[in-house]
Every structure is written in structure tokens, then in C-alpha cells.
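Take a look at the letters that make up each chain.
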Amino acid sequence: MKFFLDTANIEEIRKGVSLGLVDGVTTNPSLLAKEGRSLEEVAREILDLVDGPVSLEVVSTQSDEIISEARQLAKIHKNVMVKIPMISEGLKALHVVAQEGISVNVTLIFSATQALLAAKNGAAIVSPFVGRLDDIGTDSMDLISDILTIYDNYEFPTEVLVASVRHPVHILETARMGAHIATMPLKVMEQLLKHPLTDIGLEKFLADWEKQKQLVSS
Ligand code: G3P
């Protein structure tokens, strides 16, 4: 499973990269707005730090404008993946830009049929939002499993990127299913590596070793 960080914060990306776990980054207009800087400035810093796909989202909602925005974003760097929302105008734009070789991440996916349409029109990646579905009392894990089955049935090359991740169980369950990518906040990435028994075990190992050192030296 590839791990992406879901943030536009440079410090968080630096921390994730130092763990050796970051295969890519996803941003969205809300995450970029939090940073209070221009998309291009933040994007260039992220692209310098991460050697992998970096998703940058269009903000237009008409297909012609989405197409020109997608072309502009793709020009920034070879690792830019253009995020296009799952609306009819987005699907039209996807059909055009995918044929030009632009890698597209179709975002705001909440149903398996949306994911099917995105794959048919050439999406490189789809982003189903699991946390937001859970928030409204829907079982988001069924959605991931359905999309993986459909893509498998028709041998679509489109990858499933689990988005809107809230906790480690989202990663565990979707990794069991074989989802290709998960994008997560740094907090979730850090939670994945922690276990209280690891800390207790290490504390005991080190304390025992200290005791033995004192015995040998006395
Ligand atoms: O970037 C898309 C997605 O991961 C957003 O997550 O936490 O705002 O639902 P969230």
C-alpha cells in the first residue's frame, strides 16, 4: 500500500518524509487555504521535498475551464497529479485531459458507480472519502471493497486512493482489501507506528540492561 500525506503543510511533510513513509502528497483547496500562501509556491516546496505524485486540485466547475486549469497545473512539474471533482463537467474534462496524458485523481467520490465512470473516462486514481461517509452513518469500507471488485472485474488500471482517513482502522481494513494507496494526516501516520506494549517492552529491556551493566562493573 502506498502512503500519501493529506496536507499542504511543509513542516508535516518534512516530518513524514523523515520517517521514510511518504510516497506522495494530496492537497485540496481547504488544506491549501489553511496555509495562506499561493498554490504554486506551496506546490513547488512540496515537489522539492517529495519524489512522488503530488495532487493539486482545480477550482473551476466548467469543463473548458477545468481543462485549461488542469493543463496549467500539469505544467508545474512532472509529478503533479491533477485533482478533478466528480461532477459531470469534471467527467467531460477528464475525458479530454486523460487522452493528453495528464494524470488525474478524481476526487469527492462517494459511490461505486461514480468510481466506475471515473475509471471509464481515464482517471489514474479515484479518491473515495471514507471518513465523510462514516460521519453520515454509511459503511465506507463496503464502498472501497465494491470499487476494488469492479476495477478487478474489468481490469481497469485506475488505482483506489483511500481518502478522508480519520484513524488507523481505516488503513488496516483497506490494506486487507488491497486498496492501492491511502492518504492520511500526519497524525494517523504516527498512530500507525505506535503501540503501548512496544514502549513498555523497550523501557524494560533498557532498564534490565542498565542493571546488568551495574552488576558487571561492580
Ligand atoms: O483531500 C481529500 C480528503 O482526504 C479530505 O479529508 O478529512 O477533509 O474529510 P477530510
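This text follows the structure it describes.
Read on for an overview of the structure. These figures come from a predicted structure and were not determined experimentally. (Residues numbered from 1 in each chain as written. Predicted model: local features only at pLDDT ≥ 70, side-chain atom pairs only at ≥ 80, totals over all residues. Heavy atoms only, no water.)

This part takes up the overall build of the protein chain. Check the secondary structure of the protein chain and you find eleven helices and eight strands. Considering only C-alpha atoms, the protein chain reaches an extent of 80 × 40 × 30 Å along its principal axes. In the protein chain, the share of contacts with a sequence separation of at least 24, taken over all contacts with a separation of at least 6, comes to 58%. By element, 54% of the accessible surface of the protein chain is carried by carbon and sulfur atoms, the whole surface being about 11,500 Å². Of the side chains in the protein chain, 20 bear a positive and 30 a negative charge, and the two mean positions are spaced by 4 Å. (Helix = DSSP H or I, 4+ residues; strand = E, 2+ residues; numbered from the N terminus. Contact = heavy atoms within 4.5 Å. Areas by Shrake-Rupley, 256 points an atom, 1.4 Å probe, with all protein chains shown as cover. Lys, Arg positive; Asp, Glu negative; His and termini not counted. Charge placed at Lys NZ, Arg CZ, Asp CG, Glu CD.)

Side chains bearing opposite charge may pair, as long as their charged atoms lie close to each other. This structure, assessed with the given rule, holds twelve salt bridges. Linking Glu40 and Arg44 is a salt bridge whose minimum nitrogen-to-oxygen distance equals 2.8 Å. One end of the pair, Glu40, and the other, Arg44, are both in helix 3 (residues 39-49), four residues apart, so they sit about a helical turn from each other. Taking the relative accessible area as the measure of exposure, Glu40 reaches 38% and is therefore partly exposed. Note that Lys211 and Asp208 form a salt bridge whose closest N and O atoms lie 3.6 Å from each other. Taken as a pair, Lys211 and Asp208 lie in helix 11 (residues 196-217) at a separation of three residues, close to a single helical turn. You can call Lys211 exposed: its relative accessible area is 51%. Looking at Asp208, the relative accessible area reads 32%, which means it is partly exposed. (Salt bridge = Lys/Arg side-chain N within 4 Å of Asp/Glu carboxyl O. Buried < 20%, exposed > 50% of the residue type's maximum accessible area, 1.4 Å probe, protein only.)

Regular strands place their side chains on alternate faces of the sheet. Burial along strand 8 (residues 181-184) is two-sided: the face carrying Ile181 and Thr183 and the face carrying Ala182 and Met184 are both buried. Here strand 1 (residues 2-6) pairs with strand 8 via four bridges, running parallel. Paired with Lys2 across the two strands is Ile181, which belongs to strand 8. Judged from the two bridges that link them, strand 7 (residues 159-162) and strand 8 form a sheet pairing that is parallel. Bridge pairing in strand 8 links Val162 to Ala182. Between the parallel elements strand 7 and strand 8, the chain passes through helix 9 (residues 168-177) in a crossover that is right-handed. (Pairing = 2+ DSSP bridges. Right-handed = clockwise from strand over helix to strand, strands pointing away.)

Glancing now at unusual backbone geometry. In this structure, Glu155 takes a positive phi of about 55° despite not being glycine. Mapped onto the elements of the fold, Glu155 is located in the loop between helix 8 (140-154) and strand 7. Positive phi outside glycine occurs at Ser164, with the angle close to 60°. Along the chain, Ser164 turns up in the loop between strand 7 and helix 9. Given a relative accessible area of 8%, Ser164 falls into the buried group.

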